[in-house]
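# Understanding the architecture of this molecule
Residue-level listing of the chains:
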Amino acid sequence: MTNELNKSRLKKMFRTMLISRALDERVWILNRQGKAAIAASAQGHEASQVACIEALDPSLDHFLIYYRQFTVTLALGTTPEEQLRTFLAKDGEIMSGARQFPLHGSHPRVDLFSFSNVVGTQLPQAVGVALADKMRDSNAVTVVFFGDGAASQGDCHEAMNFASIHSLPVIFFCENNGYAISVPLSKQMAVENISSRAAGYGMPGVLVDGTDIFDVFEATSEAANRARRGEGPTLIESTVERLLPHTTDDDHSKYRRKDDIEGLSRMDPLPITAEKLVSINVLSKSDIQMMEKEAKLIVDDATEKIGNEPYPGVETMLLHSDLEF
Amino acid sequence: MTNELNKSRLKKMFRTMLISRALDERVWILNRQGKAAIAASAQGHEASQVACIEALDPSLDHFLIYYRQFTVTLALGTTPEEQLRTFLAKDGEIMSGARQFPLHGSHPRVDLFSFSNVVGTQLPQAVGVALADKMRDSNAVTVVFFGDGAASQGDCHEAMNFASIHSLPVIFFCENNGYAISVPLSKQMAVENISSRAAGYGMPGVLVDGTDIFDVFEATSEAANRARRGEGPTLIESTVERLLPHTTDDDHSKYRRKDDIEGLSRMDPLPITAEKLVSINVLSKSDIQMMEKEAKLIVDDATEKIGNEPYPGVETMLLHSDLEF
Amino acid sequence: MPIVSVIEAVRDTIRSEMKQNPSVFILGEDIGARGGVFLATDGFVELFGPERVIDTPLAESSICGIAIGSAVNGMRPIAEIQFADFVWPAVNQIVGEASKIRYGTYGKKICPMTIRIPYGGGVRGGLYHSQSIEVIFSHTPGLKVVAPATAYDASGLLRSAIRDDDPVIFLEHKKTYRLVKGEVPSDDYTIPLGKAEIKREGEDLTVITYGLMLHYVLQSAVECEKLGISVEVVDLRTLRPIDRETIVKSVSKTGRALIVQEDTAAVSISSEVSAIISEECFFDLDAPIMRLTPLEIPPMPFSPIQESEYLPSKQKITSAVSKLSSI
Amino acid sequence: MPIVSVIEAVRDTIRSEMKQNPSVFILGEDIGARGGVFLATDGFVELFGPERVIDTPLAESSICGIAIGSAVNGMRPIAEIQFADFVWPAVNQIVGEASKIRYGTYGKKICPMTIRIPYGGGVRGGLYHSQSIEVIFSHTPGLKVVAPATAYDASGLLRSAIRDDDPVIFLEHKKTYRLVKGEVPSDDYTIPLGKAEIKREGEDLTVITYGLMLHYVLQSAVECEKLGISVEVVDLRTLRPIDRETIVKSVSKTGRALIVQEDTAAVSISSEVSAIISEECFFDLDAPIMRLTPLEIPPMPFSPIQESEYLPSKQKITSAVSKLSSI
Ligand SMILES: Cc1ncc(C[n+]2csc(CCOP(=O)(O)OP(=O)(O)O)c2C)c(N)n1
Ligand SMILES: Cc1ncc(C[n+]2csc(CCOP(=O)(O)OP(=O)(O)O)c2C)c(N)n1
Ligand SMILES: [Mg+2]
Ligand SMILES: [Mg+2]
């Protein structure tokens, strides 16, 4: 499976990671400048997200995301400009018309959605999406992203159980970053790995290193194949580190040890991926420098373009509501 | 452990099973006569229930039951008369003042409760009961009963997870009779056994034959010991057959095969237990006949006594409500 | 026209919608071989197969969450919640999620799903098979809530609900299932959501009600007629959106309003109807707006004596009407 | 008396109750080392230890279910729901279970638990960090619902809630947390649940409100005074049971009533207050009862312009008062 990832795909993936990172950093700055209300960062999750998407077919498959899916949305083909607009809540914001927090809503070009901030609700919904596909003999796979925190919700249990009973084409993709805001895994569960729960539903549970694009790509490809063959769902647990606090509103030094925070950079998927791609001669160091510059430029351009756009005004407020005539 | 079950205890247990059965049959008749509104039968579950309780300490431990716990309530020390009153909704009904369906409410002498008909809600509640005990360094164990159907609820997942994280003294006692009303196990889960879920929470999962009082007693004793030693919860799955339809309102011939229904009597715990007790010389056949007669008498007396009692009148309707002054 | 019961009307309507539209499917507990505990889907699994008649595990949140996902992905699910009292675990998916999909995606996604819920009491259901649950849903922007009282309305409104592009909470009063019968045309008629109906015309006083209570109110109206009081009866039929126009027109005419409901009073449908009348009919009112509801205790005791005391009855309605008309 | 903010009042009160009564403990998401996302329990885990300050998994139904079990077994849990918008998964345990324990066990079991819930908007929370959730709880027999607007009330009412033997839903408006400050005595005072308070006396018109809106109403009342309209302001403080007496007394005096709330109107607290006034003050009313509420859309857009348009404001209140007083 791994050898399917040819040079150009790997380059594209790394480019997406770089743009994601550059946007992410920018959004954080815009928040500190009072321009973005809130942001949850994907920093640390980039490799996991880009590799998962690379194993799927955005023109066919369905993607139910949550708030930390910056890289996913870019990998699926939304533009940096669109994404920046979701953080700045500007008029024309593509996901929700700036009604919702960043990344929530749905997209006109990509079958990508996230209805709410309520952690865990997307799991049964994803199962329903897959059920509809199965009823219509579609070959689509539904991928649902969630965090370790969401795994504690009753909805997670109910969703996995139903998907497995009906052998639905779902990939439960858990990005385990070890924390639900401040609550560490040890207070969230008495087991080592979320993937070990899969057995209790009669589906495979796979543990992957979320900083390793090859590992994630392979596991996701296999899960997708399984799903398309009608063999049912898979739970993938992708271990990552959340490099920054939970959101721009959070301060993780209150609940993470100093040395823990200092050690986080060792799990940064960007240098890890860069090093791998250099070592297998996909990229040179200077390629990488060029690509980093390009990402910055893209983000600068988008920031400049969007910065002075207006917020949605009152005219559109009642559209698509009970009060629309 | 098994040898702790001496002759007199075994006799007492069997006696409770017989009274439970006699009452249960009587309630069914009273329903057909229009005197009892609804009843869920424990027929088939008697051995499982009596042996579970025998391994615990009703004067110390807490019991959260559901509607199919006829034998549990008797084994805990409520009287046949009290139980009959819950089915007939007569004045002075001890669990809920005849506000609730049979067996729901709580009891003044036994720490036994069941707040509602909503399947699965008792599981997190039981965990909370145990948490309070742990906080006060009590040595009590909390036992929570539930069916295979309840295992699908989100609350079941959340409860087991929390109990295990905090090593709480809880026994999750699942009476798996293979059906949630008409829905067979195969449509409830893609695994063979509910007990296999325990591993996903980091607690032991034990499968017992619910027609075998020795098996159930041993597993429950061990779970209780574990809990009292501070080692945390255990999931016990006790396999039984529901000998009758779901409730007096149900007709299981609509969804169970004829030969399946006809074969049910092979799993009747009464003859199974009787045979065992005869074979190890705890009881003779004539003992059993005498005991059966006694059970019938007890039930006849209770029926006669209660039959003409009044229903609760309007005077008590507002007691213990917002409107009480 | 054939005379059918409410449960038959519901069953016939779902069947005919499923026959006409392959996107319509049903899911819920015991709806397959068992045919539903009230037999609303009796024989369906034989007719449509287990793919379109899905017996779910006992897990209401996922029943609704799965219905949502399938609706967003092009299907028209009809979910059954076995008893209203068991809808609470699904409130998050209904109130938190389904209601906001259209608005929260700026109209890019819709959620055409119907949730059928048998509710209400008077059937010896005790505290957990008798509840009225309409308040939370009727308060929530983005949901529609329907509560028919007759077989004719049940069929026409259910058809509209299934064909509607937004989530509809369809409340079936379980006591009406077999008790209430009426003529139901066999053609494909619909009744628009959001429209109340004058079920009886009168001059002196308007009674506004819905669900089972409609029947008690109509019985009382006959009695009141004999007492010389001409009662107009408004059946709300839809609880969200409430049909202000019909209420206002009737109360403006009669000058007196009594609201009768089975649910407890505080923060309820009766409160909203009263507020609407106050806002719009103030200068036409000849007497205070009255509400006849149960006392504020959990609905409703298993004791048969207490259960009947709990519920508004024909007698209680008649005496409330008499009292109000003499103010 | 020290001047403290609402969040400080909440924090100080919980701390002092935990110090006084070893049965009081707290549970919720991120309430330990993080001190709660609003810092309501900042420093508590250091003070009371992780046994009494329990960081739970992300699972609201079990947070409330576990609180129930512990309360029935002798403790006095205070559960924190991180944002009101996330209470929906717990509705089953609160509305379905906790509310009926005393009644359903014929008084043999009680459930002395407090659920603290930051609610409301105006803080750029978008559709899922702005919701008002009081309706369902205020409708439910067996629950008490409290919604203080000032630091003084927050402390006195929270103390009463914790000491109350029944489940209390304690709603803290998150915009008041830091914005609203006031004198709070350091002694052990309580404010009885179920009592509204006249926050400003007036003659011409009564405005009934609660939560954040109280402050806008009070600001508007000053403005109205200048316009020659004397406004009496009733702060409900408790939403279940609603204090009928205070409402009725005030409206009987002024003859005019405006209800202002942040929640949408249909089937809401404002509906109930209106219905109460209709029932009891009909002959004293000089004008229709008016409601000032947001439009019926999900609360509330993330766009800052739309968010402020959504909410009742001082200006809107003043113009509603002017309009009503001139009828
Ligand atoms: C039902 C619900 N409860 C609480 C919250 C508040 N909250 C937002 S994110 C979060 C932690 C989620 O952790 P996890 O699922 O591990 O995702 P991560 O942020 O780590 O990627 C919490 C508690 C919420 N959004 N929804
Ligand atoms: C939340 C909820 N949903 C549905 C019901 C209706 N109902 C009552 S019992 C039951 C089946 C329960 O099955 P199981 O847990 O296996 O217990 P059993 O009756 O087999 O002992 C159902 C669906 C309910 N009481 N609560
Ligand atoms: Mg996490
Ligand atoms: Mg069962």
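Residues numbered from 1 in each chain as written. Chains lettered and ligands numbered in written order. Predicted model: local features only at pLDDT ≥ 70, side-chain atom pairs only at ≥ 80, totals over all residues. Heavy atoms only, no water.

For chain A, the count of helices and strands is 10 helices and 9 strands. Here chain A has a C-alpha radius of gyration of 19 Å; the compact-globule value for 325 residues is 20 Å, and the two agree. With respect to the three principal axes, the spread of C-alpha positions in chain A is 60 × 50 × 40 Å. Here the contacts in chain A between residues at least 6 apart in sequence split such that 74% fall between residues at least 24 apart. Element-wise, carbon and sulfur atoms account for 51% of the exposed surface of chain A, whose accessible area totals about 11300 Å². Taking the average place of the 32 positive charges on the side chains of chain A and the average place of its 45 negative ones, the gap between the two points comes to 3 Å. (Helix = DSSP H or I, 4+ residues; strand = E, 2+ residues; numbered from the N terminus. Rg over C-alpha atoms; globule rule 2.2 N^0.38 Å. Contact = heavy atoms within 4.5 Å. Areas by Shrake-Rupley, 256 points an atom, 1.4 Å probe, with all protein chains shown as cover. Lys, Arg positive; Asp, Glu negative; His and termini not counted. Charge placed at Lys NZ, Arg CZ, Asp CG, Glu CD.)

What follows is about the site of ligand 1. Around ligand 1 sit 21 residues in total, of which Y67, R68, N117 and G149 of chain A together with E60 of chain D are the nearest. With respect to ligand 1, its neighbouring residues span chains A and D. In the environment of ligand 1, a nitrogen atom lies 3.0 Å from a nitrogen or oxygen atom belonging to the backbone of V119 of chain A. Between H246 of chain A and ligand 1, the recorded distance is 3.5 Å, taken from a side-chain N or O atom to an oxygen atom. Taken by itself ligand 1 offers 580 Å² of open surface, and the protein chains cover 97% of this. Partitioned by chemical class, the residues of the shell around ligand 1 number 10 nonpolar, 7 polar and 4 charged. (Near = heavy atom within 4 Å. Polar contact = N/O pair within 3.5 Å; in protein donor to acceptor, adjacent residues only side chain to side chain. Nonpolar A, V, L, I, M, F, W, Y, C, P; charged D, E, K, R; others polar.)

On to the domain arrangement of chain C. Residues and elements named next belong to chain C. If you check the domain split of chain C, you get domain 1 (3-183) and domain 2 (197-325). The distance between the C-alpha centroids of domain 1 and domain 2 comes to 26 Å. Domain 1 puts 35 residues into the contact, and the matching count from domain 2 is 27 residues. Contact between domain 1 and domain 2 buries roughly 2300 Å² in total, counting both sides, with carbon and sulfur atoms accounting for 56%. For the pair domain 1 and domain 2, the number of links is 15 residue pairs in polar contact (both at pLDDT 80 or more). (Domains from an automatic or database assignment. Buried area = accessible area lost by both parts, 1.4 Å probe.)

Contacts between the two partners involve 39 residues from chain A, matched on the other side by 34 residues from chain C. Between chain A and chain C, the buried area comes to about 2900 Å², and carbon and sulfur atoms account for 61% of it. On the chain A side of the interface with chain C, the three residues burying the most area are F115, M135 and H320 of chain A, jointly 21% of the side's total. Linking chain A to chain C there are 2 salt bridges. Ionic pairing is found between R240 of chain C and D322 of chain A, a salt bridge with its closest N-O pair at 3.2 Å. Taken together, chain A and chain C are joined by 22 residue pairs in polar contact (both at pLDDT 80 or more). Elements that contribute at least two residues to the side of chain A that touches chain C include exactly strand 2 (105-106), helix 5 (122-135) and helix 6 (154-165) of chain A. The leading source of residues in the side of chain A that touches chain C is helix 5 of chain A, at 9 residues. (Salt bridge = Lys/Arg side-chain N within 4 Å of Asp/Glu carboxyl O.)

The subject of this paragraph is the sheet that holds strand 12 (residues 238-240) of chain D. Residue and element names in this part refer to chain D. Strand order in this open sheet of 7 strands is 3-2-4-5-7-6-12, and the pairing throughout is mixed. Both outer strands of the open sheet, strand 3 (53-55) and strand 12, are each paired with one neighbouring strand and no more. Averaged over all pairs of adjacent strands, the angle between their axes in this sheet comes to 20°, without regard to strand direction. Pairing of strand 5 (residues 114-119) with strand 7 (residues 168-173), which is carried by 6 bridges, proceeds in the parallel orientation. Looking at strand 7, one finds that P118 is bridged to E172. (Pairing = 2+ DSSP bridges. Axes fitted to C-alpha atoms, helices over the stretch in contact; angles between N-to-C directions.)

To continue, consider the coordination of the magnesium ion (ligand 4). Each angle at a metal carrying four tetrahedral donors should ideally be 109.5 degrees, and each at a metal carrying six octahedral donors should ideally be 90 or 180 degrees. D148 of chain B (OD), N177 of chain B (OD1) and Y179 of chain B (O) make up the full set of protein donors to the magnesium ion (ligand 4), lying at 2.0 to 2.1 Å. Along the chain, the residues donating to the magnesium ion (ligand 4) fall in the pattern D-x28-N-x1-Y. (Donors = N, O, S within 2.8 Å, 3.2 Å for Na, K, Ca; no water.)

Aligned on chain C, chain D shows an RMSD of 0.0 Å; the corresponding rotation is 180° and the shift along the axis is 0.0 Å. Between the two chains, the operation in question is that of a two-fold axis. With an isologous cut-off of 70% or more, the 100% of interface residues of chain D that recur at the interface of chain C puts this contact in the isologous class. (Least-squares fit on C-alpha atoms with pLDDT ≥ 70 in both.)

Residues R240 of chain C and P241 of chain C are joined by a peptide bond in cis, for which omega reads -5°. Residue placement: P241 of chain C occurs in the loop between strand 12 (238-240) and helix 10 (244-254). Non-glycine residue A89 of chain A carries a positive phi angle of around 60°. On the secondary structure map, A89 of chain A appears in the loop between helix 4 (80-88) and strand 2.

For the rest of this paragraph, the subject is the confidence of the model for chain C. On average, residues of chain C score 98 in pLDDT, and 100% of them are at 70 or above. Across the interfaces of the predicted complex, the ipTM metric reaches 0.98, alongside a pTM of 0.98. (pLDDT = per-residue confidence, 0-100.)

Bringing the packing of aromatic side chains into the picture now. This structure, assessed with the given rule, holds 24 aromatic pairs over all chains. Measuring from centroid to centroid gives 4.9 Å for F70 of chain A and F87 of chain A, while their planes differ by 10°, and the two rings are stacked. You can see F70 of chain A sitting in helix 3 (residues 70-75) and its partner F87 of chain A sitting in helix 4, a full 17 residues away along the chain. When sorted by exposure, F70 of chain A lands in the same class as F87 of chain A, which is buried. Members of the aromatic cluster, joined through ring pairs, are F38, F83, F86 and Y177 of chain C. (Phe/Tyr/Trp six-rings, centres within 6.5 Å; stacked < 30°, edge-to-face > 60°. Buried < 20%, exposed > 50% of the residue type's maximum accessible area, 1.4 Å probe, protein only.)

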